[in-house]
There are 2 protein chains.
Amino acid sequence: MKYFQTWTGGCSLNEKIIQEFPADVPGNIQLDYAKANGFADVNWMDNCTKFQELEDYTWFYRSELKYEKKPGDRIYFVTLGIEYEYDVLLNGKKILHHIGMFSKAEADITDELQNGNLMEVYIYPHPKRPGALDGRQQVDQSCKPAVEYGWDWHPRLLVSGIWEETYIETRNNDFITACSCSYVLSDDLKNADILFEISCLEETVIEIYDMTGEQVYYGTDPHIHLENIHLWWCCGQGEAYLYHWKVRSQFDSREGRIGFREIRLVMNEGTWEEPSSFPKSRSFPPATIELNGRRIFVKGSNWVNPEIFTGTITRETYHQQIVLAKEANMNLLRCWGGAIVNKDSFFEICDEMGMMVWQEFPLACNNYIGTPAYLKVLEQEASAIILRLKQHPCLVLWCGGNELFNKWSKMTDQSLALRLLNKLCYELDPKTPFLMTSPLSGMAHGGYIFYDPQIDESVFETVRKCRFTAYCEFGIPSITEMEQLRTIFPEELADHPQPKTAWELHHGYGAWGHAGEDAWICFGIIDKIFGKQICFADYIEKSQWLQCEGLKCIFEEARRQKPHCSMAVNWCFNEPWITAAGQSIIGYPCHPKKAYYAVRDALRPVMPSARIEHFSFVAGEMLTAELWMLNDSCEEVEDTVRVFLFVDETKKHILDWNTGIVPANTNRRGHKLQIELPFSSAQSVTLLLESEAGSSMYRLLMLEAEKEEIPANALNM
Amino acid sequence: MKYFQTWTGGCSLNEKIIQEFPADVPGNIQLDYAKANGFADVNWMDNCTKFQELEDYTWFYRSELKYEKKPGDRIYFVTLGIEYEYDVLLNGKKILHHIGMFSKAEADITDELQNGNLMEVYIYPHPKRPGALDGRQQVDQSCKPAVEYGWDWHPRLLVSGIWEETYIETRNNDFITACSCSYVLSDDLKNADILFEISCLEETVIEIYDMTGEQVYYGTDPHIHLENIHLWWCCGQGEAYLYHWKVRSQFDSREGRIGFREIRLVMNEGTWEEPSSFPKSRSFPPATIELNGRRIFVKGSNWVNPEIFTGTITRETYHQQIVLAKEANMNLLRCWGGAIVNKDSFFEICDEMGMMVWQEFPLACNNYIGTPAYLKVLEQEASAIILRLKQHPCLVLWCGGNELFNKWSKMTDQSLALRLLNKLCYELDPKTPFLMTSPLSGMAHGGYIFYDPQIDESVFETVRKCRFTAYCEFGIPSITEMEQLRTIFPEELADHPQPKTAWELHHGYGAWGHAGEDAWICFGIIDKIFGKQICFADYIEKSQWLQCEGLKCIFEEARRQKPHCSMAVNWCFNEPWITAAGQSIIGYPCHPKKAYYAVRDALRPVMPSARIEHFSFVAGEMLTAELWMLNDSCEEVEDTVRVFLFVDETKKHILDWNTGIVPANTNRRGHKLQIELPFSSAQSVTLLLESEAGSSMYRLLMLEAEKEEIPANALNM
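Keep in mind it's a predicted model, so treat the numbers as computed, not measured. (Residues numbered from 1 in each chain as written. Chains lettered and ligands numbered in written order. Predicted model: local features only at pLDDT ≥ 70, side-chain atom pairs only at ≥ 80, totals over all residues. Heavy atoms only, no water.)

1. Let's talk about the overall build of chain A
Along the backbone of chain A there are 13 helices and 43 strands. Expressed as lengths along the three principal axes of its C-alpha atoms, the size of chain A is roughly 105 × 65 × 50 Å. In chain A, the share of contacts with a sequence separation of at least 24, taken over all contacts with a separation of at least 6, comes to 71%. Accessible area of chain A: about 27900 Å², with a carbon and sulfur share of 49%. (Helix = DSSP H or I, 4+ residues; strand = E, 2+ residues; numbered from the N terminus. Contact = heavy atoms within 4.5 Å. Areas by Shrake-Rupley, 256 points an atom, 1.4 Å probe, with all protein chains shown as cover.)

2. Looking at the packing of helix H2 (residues 315-327) of chain A against helix H3 (residues 344-353) of chain A
Residue and element names in this part refer to chain A. Viewed as axis vectors pointing N to C, H2 and H3 meet at an angle of 30°, and their least axial separation amounts to 9 Å. Crossing geometry of H2 relative to H3 is assigned as right-handed. Each of Arg315, Tyr318, His319, Ile322, Val323 and Lys326 in H2 lies in contact with H3, whose residues at this interface are Ser345, Phe346, Glu348, Ile349, Cys350, Glu352 and Met353. Classifying every residue of the contact of H2 with H3 by side-chain character gives seven nonpolar, two polar and four charged. (Axes fitted to C-alpha atoms, helices over the stretch in contact; angles between N-to-C directions. Left-handed = near helix turned anticlockwise from the far one by under 90°. Nonpolar A, V, L, I, M, F, W, Y, C, P; charged D, E, K, R; others polar.)

3. A closer look at the pairing of strand E38 (residues 622-631) of chain B
All names here are of chain B. Among the ten residues that make up E38, nine are buried, leaving the element largely enclosed by the rest of the structure. In this structure, strand E36 (residues 606-612) lies alongside E38, joined through seven bridges in antiparallel fashion. Within the sheet, the bridge partner assigned to Met607 lies in E38 and is Leu630. Inspection of the sheet shows E38 paired to strand E41 (residues 668-676) by seven bridges, in the antiparallel sense. (Buried < 20%, exposed > 50% of the residue type's maximum accessible area, 1.4 Å probe, protein only. Pairing = 2+ DSSP bridges.)

4. Some thoughts on the relation of the copies chain A and chain B
Laying chain A over chain B is done by rotating through 180° and shifting 0.0 Å along the axis; what remains is an RMSD of 0.1 Å. Such a combination of turn and shift is consistent with a two-fold rotation axis. Across chain A, the rotation axis passes nearest the C-alpha of A:Lys423, at a separation of 2.4 Å. In this assembly the copies share their binding face: 100% of the residues contributing to the interface of chain A also contribute to that of chain B. (Least-squares fit on C-alpha atoms with pLDDT ≥ 70 in both.)

5. Side note on the interface of chain A and chain B
Listed by partner, the interface residues are 48 residues for chain A and 49 residues for chain B. Between chain A and chain B, roughly 4400 Å² of surface is buried when both sides are summed, and carbon and sulfur atoms account for 56% of that area. Remark: the boundary between chain A and chain B carries six salt bridges. We note a salt bridge from A:Asp413 to B:Arg282, for which the minimum N-O separation is 2.7 Å. Across the contact surface, chain A and chain B share 23 residue pairs in polar contact (both at pLDDT 80 or more). Looking at side-chain class alone, the side of chain A that touches chain B contains 26 nonpolar, 13 polar and nine charged residues. (Buried area = accessible area lost by both parts, 1.4 Å probe. Salt bridge = Lys/Arg side-chain N within 4 Å of Asp/Glu carboxyl O. Polar contact = N/O pair within 3.5 Å; in protein donor to acceptor, adjacent residues only side chain to side chain.)

6. Considerations on the state of the cysteines
Residues and elements named next belong to chain A. Enumeration according to the criterion identifies zero disulfides over all chains in this entry. Free of any disulfide, Cys425 has its nearest cysteine sulfur in Cys399, 9.7 Å distant. A residue is classified by how much of its surface remains accessible, and Cys425, at 0% relative accessible area, is buried. (Disulfide = S-S within 2.5 Å.)

7. Regarding the packing of helix H11 (residues 536-560) of chain B against helix H12 (residues 594-602) of chain B
Relative placement of two packed helices is described by the angle separating their axes and the distance separating the axes. Residue and element names in this part refer to chain B. Across the interface, H11 lies against H12 with an axial gap of 9 Å and an inter-helix angle of 20°. In terms of orientation, H11 lies roughly parallel with respect to H12. Where H11 crosses over H12, the two elements pack in a sense that is right-handed. Contacts between H11 and H12 involve Gln544, Gln547, Cys548, Leu551, Lys552, Phe555, Glu556 and Arg559 from the former and Lys594, Ala595, Ala598, Val599 and Ala602 from the latter. Across the contact of H11 with H12, the residue classes break down as seven nonpolar, two polar and four charged. (Parallel < 35°, antiparallel > 145°, perpendicular 65-115°, else oblique.)

8. Here's the deal with unusual backbone geometry
Residues and elements named next belong to chain A. The residue after Lys562, namely Pro563, is reached through a cis peptide bond having omega 10°. Here Pro563 is to be found in the loop between helix H11 (536-560) and strand E32 (567-570). The omega torsion of the bond from Trp571 to Cys572 falls at -10°, within 30 degrees of zero and hence cis. Assignment of secondary structure puts Cys572 in the loop between E32 and strand E33 (581-582). Within the chain, Met45 stands out as a residue other than glycine whose phi angle is a positive 45°.

9. Brief notes about the UniProt feature "domain: Beta-mannosidase-like galactose-binding" (unreviewed entry) in chain A
UniProt tags residues 20-163 of chain A as "domain: Beta-mannosidase-like galactose-binding" (unreviewed entry). Strand forms 32% of residues 20-163 of chain A and helix 6%; the C-alpha atoms that close the span are 19 Å apart. (UniProt positions renumbered as here; feature names shortened; annotations may be inferred.)

10. Regarding the sheet that holds strand E8 (residues 105-108) of chain A
All names here are of chain A. Ordered by their spatial adjacency, three strands build an open sheet running E8-E4-E11, and the pairing between neighbours is antiparallel. Two strands in the sheet have a free side with no partner beyond their single neighbour: E8 and strand E11 (166-171). Between one strand axis and the next, the sheet turns by 25° as a mean value, whatever way the strands run.

11. Looking at the packing of aromatic side chains
All chains considered together, the criterion is met by 86 aromatic pairs over all chains. Arranged with centres 4.7 Å apart and planes meeting at 45°, the rings of B:Phe4 and B:Trp7 form a pair that is tilted. Overall, the relative accessible area of 5% leaves B:Phe4 in the buried class. Residue B:Trp7 is classed as buried on the basis of its relative accessible area, which comes to 8%. In this structure an aromatic cluster arises from ring pairing among A:Phe21, A:Tyr33, A:Phe39, A:Phe51, A:Tyr57, A:Trp59 and A:Phe309. For A:Arg136, the ring lying beneath its charged end belongs to A:Trp151, and the centroid distance is 5.4 Å. Here the basic side chain of A:Arg699 rests over the ring of A:Trp545, its NZ or CZ set 3.7 Å away from the ring centre. (Phe/Tyr/Trp six-rings, centres within 6.5 Å; stacked < 30°, edge-to-face > 60°. Lys NZ or Arg CZ within 6 Å of the ring centre and 35° of its normal.)

12. As for helix H10 (residues 523-530) of chain B
All names here are of chain B. The element H10 is largely enclosed, with a buried count of six among its eight residues. Listed as buried for H10 are Phe523, Ile525, Ile526, Asp527, Ile529 and Phe530. Its buried side turned inward, H10 meets strand E28 (451-452), strand E31 (478-479), H11 and strand E43 (696-703). Count one or two residues on from H10 and you reach Gly531, which has phi positive near 85°.

13. Observations concerning helix H5 (residues 416-428) of chain B
With 13 residues, H5(B) should cover 18 Å at 1.5 Å per step; its first-to-last C-alpha distance of 18 Å lies within 8% of that length. Among the 13 residues in H5(B), ten count as buried, and that is most of the element. Of the residues making up H5(B), those classed as buried are B:Ala417, B:Leu418, B:Arg419, B:Leu420, B:Leu421, B:Asn422, B:Lys423, B:Leu424, B:Cys425 and B:Tyr426. Elements that come into contact with the buried residues of H5(B) comprise helix H4 (372-389), helix H5 (416-428) and strand E26 (434-435) of chain A together with helix H4 (372-389), strand E25 (395-399) and strand E26 (434-435) of chain B. (Expected span 1.5 Å × (residues − 1).)

14. What about the pairing of E25(B)?
Residues and elements named next belong to chain B. When you tally the buried positions in E25, you get five out of five residues, the bulk of the element. With H4 bridging strand E24 (residues 356-360) and the parallel E25, this β-α-β connection has right-handed handedness. As judged from the two bridges shared by E25 and E26, these two strands associate in the parallel manner. When the sheet's bridge partners are listed, Cys399 is paired in E26 with Leu435. The β-α-β motif built from E25, the intervening H5 and the parallel element E26 has right-handed crossover chirality. (Right-handed = clockwise from strand over helix to strand, strands pointing away.)

15. Considerations on the environment of B:Ile585
Among the structural elements, B:Ile585 can be located in the loop between strand E33 (581-582) and strand E34 (586-587). B:Ile585 sits in the buried class, given a relative accessible area of 0%.

16. Describing the domain arrangement of chain A
Residue and element names in this part refer to chain A. Its domain assignment divides chain A into domain 1 (7-171), domain 2 (176-263), domain 3 (327-438), domain 4 (443-603) and domain 5 (606-715). The distance between the C-alpha centroids of domain 3 and domain 4 comes to 27 Å. Here domain 3 meets domain 4 over a buried area of about 1100 Å², counting both sides, of which 68% is carbon and sulfur. For the interface between domain 3 and domain 4, the tally reads one salt bridge. Note that Glu473 and Arg334 form a salt bridge whose closest N and O atoms lie 2.7 Å from each other. Counting the contacts that link domain 3 with domain 4 gives four residue pairs in polar contact (both at pLDDT 80 or more). The class makeup of the residues in the side of domain 3 that touches domain 4 is seven nonpolar, three polar and three charged. (Domains from an automatic or database assignment.)

Below, the structure written as structure tokens:
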């Protein structure tokens with residue numbers, strides 16, 4: 001039953017009301033204001049900057065509450081989340097003050113209700129630490145998403161408001177105040193002892209159904225023993241089996257799902273042997289997810305807010321994108337600490353699809369000093385997050401936040417905020433692994449470009465030499481397709497990128513505040529690799545080529561480094577608005593880029609793969625490539641890989657390799673090919689590996705041989 | 001008042017009493033048994049093995065308790081520590097069952113007291129995990145010192161009993177049930193806000209005195225503001241200033257001390273800059289102790305049990321040895337996790353002397369699986385340890401235990417036991433840094449020999465190339481002096497070391513169970529470096545030479561690597577019995593070895609030092625050495641270092657170096673000397689650095705030049 005018909009929003013500055021307007025709940029009040037004031041699409045040109053003048057406003061919501069209470073009813077105002085600090089007033093009386101957007105807040109309003117009621121929510125101005133410069137450090141004493149304060153793919157745009165479900169609840173004697181369900185699996189993972197913890201003054205009945213709809217339990221005993229259970233598996237490893245439960249009192253009910261699974265973070269194979277000689281340090285921390293006793297190679301991507309206006313995110317927003325992740329053969333999304341902690345529907349969909357989730361707390365790239373005030377809010381928010389999400393089988397990893405142990409953050413293992421998070425996860429969800437941050441020792445973040453001028457190497461050269469236990473972030477930018485660019489820039493500007501225009505705001509230039517630098521449009525890198533291009537369309541095409549081949553190279557190399565390596569998670573999956581250039585593989589709102597398809601190819605469970613020494617070759621040079629058969633599946637495979645080289649229109653057969661039997665979840669290394677490239681004026685060569693499992697193509701650059709470099713005998717051919 | 005006059009001990013096996021005998025309380029029941037049965041000195045030959053047949057005994061203590069209670073008295077039995085699991089019975093009725101030797105246990109016995117009373121303590125057999133092999137893994141589900149189960153310098157000898165003070169306490173209304181004191185310092189560290197938490201039914205008075213005996217507070221208010229406080233400093237950095245407090249009710253009182261200080265673990269200088277390029281991992285965890293805002297270079301040693309029979313340790317045992325550590329210019333003792341957590345007097349002495357303490361919980365070199373039973377005892381024991389010790393200013397570092405993240409232990413950051421310890425330290429003592437284990441990334445343990453045949457290097461070559469943030473364990477063994485050897489072996493055996501004799505039991509051979517290997521006697525290394533020796537006395541002398549020069553080399557090199565390096569802590573300081581060969585620098589019971597004096601020299605606050613490339617040279621070769629002036633003091637220094645080379649009786653002046661002004665807590669690098677060694681038949685050369693701050697001598701090996709290696713022009717000289 002809906003007790004609030006409509007909401008009115010409003011804003012004030014220096015206690016003076018500026019305006020009132022209709023408001024969507026849930027939503028973001030700044031978006032309501034923008035609609036009322038005719039702001040055009042936030043993606044267009046520099047429209048996003050118009051929100052900056054609203055930053056120091058105080059906002060409010062008002063609604064009439066119609067409620068006829070019966071004797072004995074206890075009536076509660078409940079909100080699942082309001083961003084960020086707020087008061088709730090009923091008929092002019094403050095009934096609630098709360099700081100923090102991820103914790104539920106409620107107030108007993110029974111004694112305040114009248115015949116007609118005015119419910120008001122006052123939202124304080126956005127937190128900005130006094131003394132902080134504009135940017136993410138303003139939020140380093142708050143649990144608000146740091147990304148709102150500006151990032152290299154997110155404009156500075158601070159939002160707030162009633163972003164989660166907010167309602168009136170009637171609590172009679174049969175009201176189920178709390179209901180949660182936990183389980184212990186037998187050592188052989190075949191049986192489960194389930195415990196329901198139900199708080200209700202009247203008797204409740206519990207029902208459990210399996211996925212066929214068959215009832216496997218009905219009764220009032222909260223201790224339930226189930227035999228021969230189906231386990232929940234992640235994508236590619238089995239069925240994401242979910243049981244469905246209902247708890248009912250006379251007029252109230254709760255329902256939920258159980259996915260039985262055991263999750264551990266275990267040492268990567270071989271890492272106990274390092275370091276090998278004295279003086280010796282510790283072995284690398286564990287980075288391998290073990291699900292139901294099986295080591296899983298993580299293939300995934302970094303998930304960021306799919307909308308700037310996070311209050312508008314719906315189940316459908318999530319669903320479209322998670323389907324794409326699953327279709328790209330991914331099995332994990334890393335929910336990055338700079339973003340929101342997603343709404344329930346995100347985790348419900350991940351449960352259903354077998355998509356594992358690495359969940360970070362809202363800390364990113366800052367030094368969150370452990371002041372009493374900050375630790376108090378963090379404890380409240382983190383506890384709420386853990387208790388809300390720990391029931392989801394998809395939730396496989398808690399993490400304190402992003403890149404906190406690097407010099408741009410300067411937190412350490414001694415930081416009280418991270419010691420507190422470790423403590424809370426231990427107390428509330430000890431069975432789920434906890435990392436203080438990412439990366440830890442042995443794990444890696446970056447790079448974020450195809451070619452690094454500092455070391456004069458492309459990712460083809462760099463990653464092959466690396467030996468990390470987990471690649472948790474890596475990215476290659478591309479320039480956004482012209483069709484998309486024309487939705488954010490007028491044609492003239494879309495065709496002529498330049499710094500100090502809206503191109504900069506949309507991250508084509510000046511990433512990380514280095515004004516004038518051409519990140520993420522990366523003309524310099526394209527010029528270096530391909531030479532000067534004739535027109536902008538050529539730059540777009542080349543950047544997309546680099547993103548496709550670069551991401552394939554890193555993903556496949558990480559897979560080849562298994563089992564020493566256990567994770568490949570690119571930066572990043574999606575984006576919250578239309579960037580002009582960037583690392584995401586899904587453009588806003590849900591537009592797969594070419595790189596998406598390249599990644600999808602590189603993550604197929606069974607596939608032939610080639611470790612190629614370089615991206616660019618000179619005609620006549622030797623192309624060296626090592627053959628591999630990658631197998632992440634639970635089945636053994638045997639295949640024949642047929643290798644071809646395409647130059648111009650010619651398809652040349654190089655050799656056939658029978659892989660022999662490749663056991664489940666194992667890779668097989670094959671021959672090292674030495675292919676002499678012809679003297680051709682073709683600008684690319686393509687290495688093609690065909691097999692029953694499918695084919696893999698690598699499109700490499702071939703540069704014209706400089707005359708003096710051509711050996712005499714070649715010229716004599 | 002002493003309510004127990006004497007204690008009788010006894011033992012039983014399979015519920016049959018074997019024997020009764022007088023018992024010392026506090027003490028160890030096995031030692032009482034040994035005395036009653038005429039066991040000779042445990043150090044002699046294989047006497048220690050006689051205790052193995054007692055391992056599965058049940059032990060008991062009995063005493064008559066005389067107590068005349070007055071109406072209103074509440075009478076308690078209190079023990080500060082009984083090893084390890086026990087029942088306490090009064091007049092045949094069980095009043096207490098307890099597991100854990102580091103937690104106080106008590107029972108209200110008021111209603112059980114009669115005119116004559118029999119107090120009994122039953123000690124369960126030593127914990128041994130079913131299925132574990134003999135050795136430390138037997139104790140991997142207990143909080144008993146792992147070292148008792150055998151180590152490479154400690155025989156297997158399991159002890160138990162009433163090892164700490166145990167008494168009867170009368171608690172009237174004015175009994176002070178609890179009394180603790182904490183403080184918060186102002187940002188400038190000049191003022192303190194002190195809070196006493198006192199639990200007493202009657203009013204209490206608080207007095208505080210400074211070190212001159214002057215009263216600085218008298219009153220009943222537990223919130224006390226003190227201005228212009230004196231800070232507590234560690235050795236070498238200032239005075240270990242302690243205030244003395246008393247809390248009194250009418251008939252009861254408590255007293256204690258406060259040392260005002262701020263302790264942090266901060267990043268080593270330069271470590272934020274690493275790693276420098278992508279893909280990048282985290283920066284090393286912090287390993288620099290900052291005391292009162294000043295970075296301290298830690299010079300210390302690893303402390304182990306000073307007695308096998310830990311119940312016999314007294315304040316005097318501790319005092320003698322800590323004085324030696326202070327005189328050796330040390331400022332920290334690492335209380336290693338395999339040992340006991342020391343009695344209060346250890347920490348009181350460290351408080352007084354400014355000796356910082358790195359305290360580990362009782363976990364070492366095992367995988368302590370987080371079963372509910374283990375976690376319960378660990379929580380109780382760790383909480384008791386933290387609450388008992390956190391008041392001591394000397395306590396600067398909590399650590400989960402020894403080498404838990406290495407392959408011989410196989411614990412990880414995910415281990416529940418270590419996550420629990422983080423939680424407890426966070427909750428009970430958040431201002432003191434906490435490490436899960438040692439070593440962490442960047443920190444190093446080992447090696448433990450002068451020359452490593454695996455890499456064909458001596459410590460002179462190895463350590464110079466290392467770049468660790470902290471050297472927390474490193475050691476060089478020497479053979480024990482003949483005079484000492486004759487106290488444990490008959491003359492014939494003392495002169496003729498052999499495996500499969502008591503030499504093996506005393507760690508001359510077969511360390512770590514590698515039967516037949518000559519660790520720690522290290523004949524092989526001596527033969528390799530010096531050639532075959534004629535008699536055993538020569539081996540003793542050579543091994544001591546290596547221990548002296550090796551430890552000096554490592555300590556001084558670690559100091560030269562400051563500020564990237566912040567700690568040099570050798571393995572180990574003391575030993576619990578007379579070993580035949582080993583790494584300690586203080587022999588049992590308190591006998592400084594030659595290496596002690598070498599270390600003392602290498603740790604002088606201000607000293608000239610030389611980075612010498614090798615230990616052994618060939619006559620006629622070039623000796624390369626870099627000059628340094630080391631300054632850990634709080635004063636700037638300026639000095640002239642005069643360099644001499646001794647060969648045979650000749651003292652050759654090489655050069656003088658004026659160091660210029662070397663600021664406080666800073667080192668200065670000087671010239672790199674190239675000294676051509678003469679063609680001499682001398683077996684050693686000595687490099688002597690003289691300065692006002694004192695002189696440093698390095699005694700290096702010189703080998704005879706092989707004829708064919710002598711250059712022609714040298715022969716013509």
